[in-house]
Amino acid sequence: MTTTTATRTFAALMWRDVFVTGRELPSFLAQVIIQPFFILFIFAKVLGDIGFVHGDFAAVLLPGIVAMNGFLGALQNTTLPLVLDFSWTREIEDRLLAPIPIPLVAVEKMVFGALRGLLAAVLMVPIGFLMLDVTWPLSGLPVALVVIVLGSLAGAAVGMVIGTSVSPRHITVMFAVILTPLLFTGSAQFPWTELDGLRWFQVVCALNPLTYVSEGTRAVLAPDVPHIPLWICLVVLVVSIAGFGALGIRGFLRRALD
């Protein structure tokens, strides 16, 4: 098998997934917009207007929601297709027969999940600006994009681990047991550094890769808000991509060979 053949096959698999996403665009948009929209609307808009949160809370929340949408969007869009492919649809068998190394099939799944997560994050930016009175420094946008890309890849890598580990029968339980804790311990709704008075919860949040996506995004888009240093966030995200990616590919190979 030549490198050219593998590259063309990889691109063909990616294009097929993009085409399917285009056909399922309404359901995809509903999946990635409704929940973060209502989090922004209730926590920043409603509670802000009635005085239960300070006006600058929107500057804390919006970068966190964008980060959350990228990470969790990539995670879900990697996990769910894997569970379906390995159980009911058996579509994965066609991919495994393609002229491409099996590990690259897993990589394609993660890259495509990350792309959907990135799109989910980008979609929240205009929605947030229309809803909230927030300004971001233009100089921080390129670095914020890098953080979101790394966060989406990290989310896809975690999704690969979950998708190759969770039984199809337990997929609904997975969302309650795994996704909900990830959502609320990822520092998307609060700055991690302000948890000094709640040390045990701060430690729990530090174990969640989403925390470093949220904090890294705030570091460049809301630099006046206390945050984890950007370089730490970048290092942790790269390590998370490598670590969870390796575990996910290993799990994918095990499921594929079964």
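**So, the overall build of the protein**
Counting secondary structure elements, the protein contains ten helices and zero strands. Counting from the amino terminus, the protein carries its helices and strands in the arrangement α-α-α-α-α-α-α-α-α-α. Judged by the C-alpha coordinates and their principal axes, the protein covers about 60 × 40 × 35 Å. Across the 258 residues in the protein, those meeting the buried criterion constitute 48%. Looking at the protein alone, contacts between residues at least 24 apart form 81% of all its contacts between residues at least 6 apart. Counting every atom, the protein has about 12,500 Å² of accessible surface; 71% of that belongs to carbon and sulfur. Distance between charge centres in the protein, computed from 14 positive and 15 negative side chains, equals 10 Å.

**Here's the deal with a nonpolar patch on the surface**
On the surface, Ile 34, Phe 38, Phe 41, Ile 42 and Phe 43 cluster together into a nonpolar patch covering about 440 Å² of accessible area. Take Phe 43: it is sitting in helix H2 (residues 25-49). Its relative accessible area of 36% is what places Phe 43 among the partly exposed residues.

**Description of the packing of aromatic side chains**
Inspection of the entire model under this criterion finds five aromatic pairs. Note on Phe 190 and Phe 201: the rings are 5.9 Å apart at their centroids and 50 degrees apart in plane angle, and the pair reads as tilted. Linking Phe 190 in the loop between helix H7 (171-184) and helix H8 (199-206) with Phe 201 in helix H8, this pair joins segments that are eleven residues apart in sequence. Residue Phe 190 is classed as buried on the basis of its relative accessible area of 18%.

**Digging into the pattern of salt bridges**
Per the counting criterion, the structure on display carries one salt bridge. For the salt bridge of Arg 218 with Glu 215, the shortest nitrogen-to-oxygen distance reads 2.9 Å. Of this pair, Arg 218 and Glu 215 are both found in helix H9 (residues 209-221), three residues apart, which corresponds to roughly one turn of the helix. Look at Glu 215 and you get buried, because its relative accessible area is 0%.

**With respect to the packing of helix H3 (residues 57-86) against H9**
Contact pair H3 / H9: the axes reach a minimum separation of 8 Å and the direction vectors enclose 135 degrees. Compared by their axis directions, H3 and H9 come out oblique. In terms of crossing hand, the pair formed by H3 and H9 is right-handed. Counting all contacts with H3, which are made through Val 60, Pro 63, Gly 64, Ala 67, Met 68 and Phe 71, the residues of H9 involved are Pro 209, Leu 210, Val 213, Ser 214, Thr 217, Arg 218 and Leu 221. In terms of residue class, the contact of H3 with H9 is built from nine nonpolar, three polar and one charged.

**Re unusual backbone geometry**
The phi dihedral of Ser 187 falls on the positive side, at around 55 degrees, and the residue is not glycine. Tracing the backbone shows Ser 187 in the loop between H7 and H8.

**Quick notes on the confidence of the model for the protein**
Of all residues in the protein, 94% have pLDDT values of 70 or greater, and the mean over the chain is 87. Here helix H4 (residues 92-96) is the element of the protein with the lowest mean pLDDT, 68, and H9 is the one with the highest, 96.

**Some details on helix H10 (residues 230-257)**
For H10, built from 28 residues, the straight-helix expectation of 40 Å at 1.5 Å per residue is met to within 8% by its first-to-last C-alpha distance of 40 Å. Among the residues of H10, Cys 233, Leu 237, Ser 240, Gly 245, Gly 248, Gly 251, Phe 252 and Ala 256 are the ones counted as buried.

**Observations concerning the packing of H3 against helix H5 (residues 102-131)**
The contact between H3 and H5 brings their axes to 7 Å, and the two run at 145 degrees. Of the two elements, H3 crosses H5, and the hand of that crossing is right-handed. For the pair H3 and H5, contact is made by Leu 62, Ile 65, Val 66, Asn 69, Gly 70, Gly 73, Ala 74, Asn 77, Thr 78, Pro 81, Leu 82 and Asp 85 and by Lys 109, Met 110, Gly 113, Ala 114, Arg 116, Gly 117, Ala 120, Ala 121, Met 124, Val 125, Gly 128 and Phe 129, respectively. In terms of residue class, the contact of H3 with H5 is built from 13 nonpolar, eight polar and three charged.

**A closer look at the nonpolar core**
Nonpolar side chains in soluble globular proteins tend to be buried together. Counting 52 residues, the largest nonpolar core has Leu 40, Met 68, Phe 71, Leu 132 and Val 213 as its most contacted members. Taken together, the elements giving at least two residues each to this core come down to H2, H3, H5, helix H6 (141-163), H7, H8, H9 and H10. When residues in this core are grouped by element, the largest group, 13 residues, is from H3. Discounting chain neighbours no more than four positions away, the residues touching Val 213 are Ala 67, Phe 71, Val 147, Ile 148, Gly 151 and Leu 237. Membership of the second largest hydrophobic core comes to 14 residues, among which are Leu 13, Ile 100, Met 110 and Ala 256.

**Re the side chain of Glu 215**
For Glu 215, the side chain forms a polar contact with the side chain of Arg 218, separated by 2.9 Å. In this structure the side chain of Glu 215 is engaged in a polar contact, spanning 2.8 Å, whose partner is the backbone nitrogen of Ile 228.

What counts and what doesn't
Residues numbered from 1 in each chain as written. Predicted model: local features only at pLDDT ≥ 70, side-chain atom pairs only at ≥ 80, totals over all residues. Heavy atoms only, no water. Helix = DSSP H or I, 4+ residues; strand = E, 2+ residues; numbered from the N terminus. Buried < 20%, exposed > 50% of the residue type's maximum accessible area, 1.4 Å probe, protein only. Contact = heavy atoms within 4.5 Å. Areas by Shrake-Rupley, 256 points an atom, 1.4 Å probe, with all protein chains shown as cover. Lys, Arg positive; Asp, Glu negative; His and termini not counted. Charge placed at Lys NZ, Arg CZ, Asp CG, Glu CD. Patch = residues over 30% accessible without salt bridge, like charges linked within 9 Å, V, L, I, M, F, W, Y side chains within 5 Å. Salt bridge = Lys/Arg side-chain N within 4 Å of Asp/Glu carboxyl O. Phe/Tyr/Trp six-rings, centres within 6.5 Å; stacked < 30°, edge-to-face > 60°. Axes fitted to C-alpha atoms, helices over the stretch in contact; angles between N-to-C directions. Parallel < 35°, antiparallel > 145°, perpendicular 65-115°, else oblique. Left-handed = near helix turned anticlockwise from the far one by under 90°. Nonpolar A, V, L, I, M, F, W, Y, C, P; charged D, E, K, R; others polar. pLDDT = per-residue confidence, 0-100. Expected span 1.5 Å × (residues − 1). Core = buried A, V, L, I, M, F, W, Y, C linked by side-chain atoms within 4.5 Å. Polar contact = N/O pair within 3.5 Å; in protein donor to acceptor, adjacent residues only side chain to side chain.

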